[in-house]
Amino acid sequence: MNLPQSQPIRDFSDYRSDFPGLHQTVNGQPLVYLDSAASAQQPTPVIEAVARYQREDHANVHRGVHTLSHRATELYEGARDKLCEFINANSRAEIILTSGTTESINLVAQSYCRGMLKPGDQVLITSLEHHSNIVPWQLVCEQTGAELIVAPINDRGEVELDELYELMTGRVRLLGIGHVSNALGSINPLHDIIRRAKQAGITVLVDGAQGVPHMPVDVQALGCDFYAFSGHKMFGPTGTGVLWGRESVLESMPPYQGGGDMILEVSFDKTVFNDLPYKFEAGTPNISGVVGLGAAVDYLSAIGMEAISHHETSLHDYMVQQLSTIEGMRLVGTARQQASVQSFMLNEIHPHDLGTILDHQGIAIRTGHHCAMPVMQRLGLPGTARASLGLYNNHDDIDRLIAGLEKARQVFA
Amino acid sequence: MNAAVDNPQLQNLYRELILDHATKPRNFGRLAAATHNAEGINPLCGDRLSLYLCIDAGSRIDSISFEGSGCAISLASASLLTETVKQLCVADAQACFTAFTQRLTQGTNPEALPAAVGFDKLHALDGVREHPSRIKCATLAWHALHAALHQQPLTTTE
Ligand SMILES: Cc1ncc(COP(=O)(O)O)c(C=O)c1O
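Basis of the calculations
- Residues numbered from 1 in each chain as written.
- Chains lettered and ligands numbered in written order.
- Predicted model: local features only at pLDDT ≥ 70, side-chain atom pairs only at ≥ 80, totals over all residues.
- Heavy atoms only, no water.
- Contact = heavy atoms within 4.5 Å.
- Buried area = accessible area lost by both parts, 1.4 Å probe.
- Salt bridge = Lys/Arg side-chain N within 4 Å of Asp/Glu carboxyl O.
- Polar contact = N/O pair within 3.5 Å; in protein donor to acceptor, adjacent residues only side chain to side chain.
- Helix = DSSP H or I, 4+ residues; strand = E, 2+ residues; numbered from the N terminus.
- pLDDT = per-residue confidence, 0-100.
- Buried < 20%, exposed > 50% of the residue type's maximum accessible area, 1.4 Å probe, protein only.
- Arc of directions from axis to C-beta.
- Pairing = 2+ DSSP bridges.
- Axes fitted to C-alpha atoms, helices over the stretch in contact; angles between N-to-C directions.
- Domains from an automatic or database assignment.

### Some thoughts on the interface of chain B and chain A
Working step 1: With 24 residues of chain B at the contact, the number on the chain A side is 15 residues.
Working step 2: Both faces considered, chain B and chain A share a buried interface measuring about 1,600 Å² in area, 59% of it formed by carbon and sulfur atoms.
Working step 3: On the chain B side of the interface with chain A, the three residues burying the most area are Leu10(B), Tyr14(B) and Cys45(B), jointly 26% of the side's total.
Working step 4: For the pair chain B and chain A, the number of links is one salt bridge.
Working step 5: Arg134(B) serves as the salt-bridge partner of Asp353(A), at 2.9 Å between the closest nitrogen and oxygen.
Working step 6: Across the chain B-chain A interface, the total number found is eight residue pairs in polar contact (both at pLDDT 80 or more).
Working step 7: For the side of chain B that touches chain A, the secondary structure elements donating two or more residues are helix H1 (8-13) and helix H3 (72-85) of chain B.
Working step 8: The element best represented in the side of chain B that touches chain A is H1(B), accounting for three residues.

Here it is, written out as structure tokens:
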């Protein structure tokens, strides 16, 4: 990768020391963590923000007049503001806090689609999707009699755009599409895809679980209607996530769940729902987690998503280049635009065995179908081994991976 | 295993016998004349194994085979299973299932098995006990055996 000459190359090794989870030995070897696509490690500022909140500021939000409740509310709502700025949302009303990408997508399927879809309507996805961007649509299609249709991918793991566009007929009411594939790392050309979908009058949801942690995201520039992502993949706590939705669309949607916080007034005759974003946030939320997510946004913003993207792109190039030197290596997923993830097979060695052999050397990768069984079926594989990067990985991690794979080759020699 | 591999825990898991059975599985294929069969699925990794048995009128496993894809541990375990229970009566095969799964999951030694049972070979899979995430790989074929003997066509490790 070529960095523009004017841009100082930042030393990412400094950031590594912020992640206590990375500094341990596993099976007698210093840990190499190459599984951030499944869940990322958390930096000290996130861990501390959660701990401080638990120790000093905990009370329920939006409830009390007392000081702690006020503090908890400020922290919780402060995180919403940070998230709003981070993805360039138009207003904080558009930031719905959820338990993660999965809940965000289910919310859209049930609140936006369930009342709107009719028999004969279609929901369009691609064969690159994570199960969370498949099953919620299957459920709502079953409930409404609508049809789920799927655009194919090619052997490199890229969505076949011509066929995707051909499927964008007047019957399609919603397109659900990933930003970056968690199984193959393919980056979808969202700008073009969304423009074509909007021309066809299709509502677009982007599954951004693997986008937000690795590159700048500007939801207004993208032009989609919904963008879903998870806190734990962007160095924040588990059980947190966001559904960003265009305000006008969110306004038109009925609540997803009923309970406290999402109402203005309740009597047995009638309930008046609260305004956005609270209409979609029933019950006591994951306050400490959201506080941590706010700290994660601060952490990422201070480094800069542009810089993180540069760092990871050059590291990904290095990883691909080094993996290719191994005899018997087959890279799975060779899209022309790829981010942070590389799937592979080594000789006839089953990915599960590779995972165990690497773990013995302190190297954490993911093996299996990566919650993307249709991708594996399309490629005719039971699963793959997958190394995925975060901002804290470095060349040394890649070199250890390569050495570990050489050892796996010896075991099965 | 190549002598260059210096890691004792790895050597304990991927013993010669395991690698041998994984790369050259015995009784591999489909039995056309099967009287009993079952498919085992490990939802965690998507591995699938099918087991076929011919059980004769005297409740003896006359022949047995398996097919499918899996990791070295699940293939070796399936291959060893077929060698172990072939020619056993159904009750002894069932005792083997119980003994093997208990040995792996609880680390307990089986109560005395009938003399006909050649259980010792299965000790090659003892290394799996140190790898909790791999125990289901080793028991997949055995769950399929249990299901087949109970006339259930499909089972999972969950
Ligand atoms: C592309 C993609 N979508 C959705 C999800 C689901 O995220 P979560 O489990 O945090 O809801 C993941 C996580 O694995 C993912 O990688």
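### Points about the confidence of the model for chain A
Working step 1: Of the residues in chain A, 98% reach a pLDDT of 70 or more, and the chain-wide mean stands at 95.
Working step 2: Overall, residues 1-10 of chain A carries pLDDT values under 50, and its contacts beyond four positions in sequence, including any with other chains, amount to eleven contacts.

### Side note on helix H2 (residues 16-23) of chain B
Working step 1: Buried within H2(B) are the following residues: Ile18(B), Leu19(B), His21(B) and Ala22(B). Taken end-on, H2(B) shows its buried residues confined to a sector of 165°, consistent with a single buried face. In H2(B), the exposed positions angled more than 90 degrees off the buried face are occupied by Glu16(B) and Thr23(B).
Working step 2: Tucked into the core, H2(B) has its buried residues touching helix H14 (395-411) of chain A together with H1 and H3 of chain B.

### Description of unusual backbone geometry
Working step 1: Residue Pro277(A) follows Leu276(A) across a cis peptide bond; omega there is 0°.
Working step 2: With respect to the helices, strands and loops of the structure, Pro277(A) is situated in the loop between strand E12 (271-273) and helix H10 (287-303).
Working step 3: We note that Asn27(A) has phi near 50°; this positive angle belongs to a residue other than glycine.
Working step 4: Its place among the elements puts Asn27(A) in the loop between strand E1 (25-26) and strand E2 (29-30).
Working step 5: Residue classification places Asn27(A) among the partly exposed residues on the basis of a relative accessible area of 40%.
Working step 6: For Gln87(B), which is not glycine, the phi torsion reads 75° and is therefore positive.
Working step 7: The residue Gln87(B) is located in the loop between H3 and helix H4 (90-105) in this model.

### Description of the pattern of salt bridges
All names here are of chain A.
Working step 1: For the structure on display, the rule yields 29 salt bridges over all chains.
Working step 2: Between Arg 92 and Asp 81 there is a salt bridge, with its nearest N and O atoms 2.6 Å apart. Taken together, the residues Arg 92 in the loop between helix H3 (67-86) and strand E4 (95-98) and Asp 81 in helix H3 connect sequence positions eleven residues apart.
Working step 3: Through salt bridges with shared partners, one network takes in Glu 77, Arg 80, Asp 81, Arg 92 and Glu 281.

### Some points on the sheet that holds strand E16 (residues 366-368) of chain A
Residues and elements named next belong to chain A.
Working step 1: Taken in spatial order, the four strands make up an open sheet running E13-E14-E17-E16, and their pairing is antiparallel. This sheet does not close on itself; its edge strands, each paired only once, are strand E13 (329-332) and E16. On average, adjacent strands in this sheet sit at an angle of 30° to one another, irrespective of strand direction.
Working step 2: For E13 and strand E14 (residues 341-346), the ladder comprises four bridges, and the chain directions are antiparallel. When the bridges of E14 are listed, Arg 330 appears paired with Met 345.
Working step 3: Sitting on the sheet, helix H11 (residues 305-323) touches E13, E14 and strand E17 (384-388), and the angle it makes with E14 is about 10°.

### Quick word on the domain arrangement of chain A
Residue and element names in this part refer to chain A.
Working step 1: Domain annotation for chain A reports domain 1 (13-38 + 304-412) and domain 2 (48-302).
Working step 2: On a C-alpha basis, the centres of domain 1 and domain 2 stand 28 Å from each other.
Working step 3: On the domain 2 side, the residues contacting the 37 residues of domain 1 number 34 residues.
Working step 4: Viewed at the interface, domain 2 and domain 1 are joined by two salt bridges.
Working step 5: Across the pair Arg 336 and Glu 158 runs a salt bridge whose closest N-O atoms are separated by 2.8 Å.
Working step 6: Joining domain 1 to domain 2, the criterion identifies 21 residue pairs in polar contact (both at pLDDT 80 or more).

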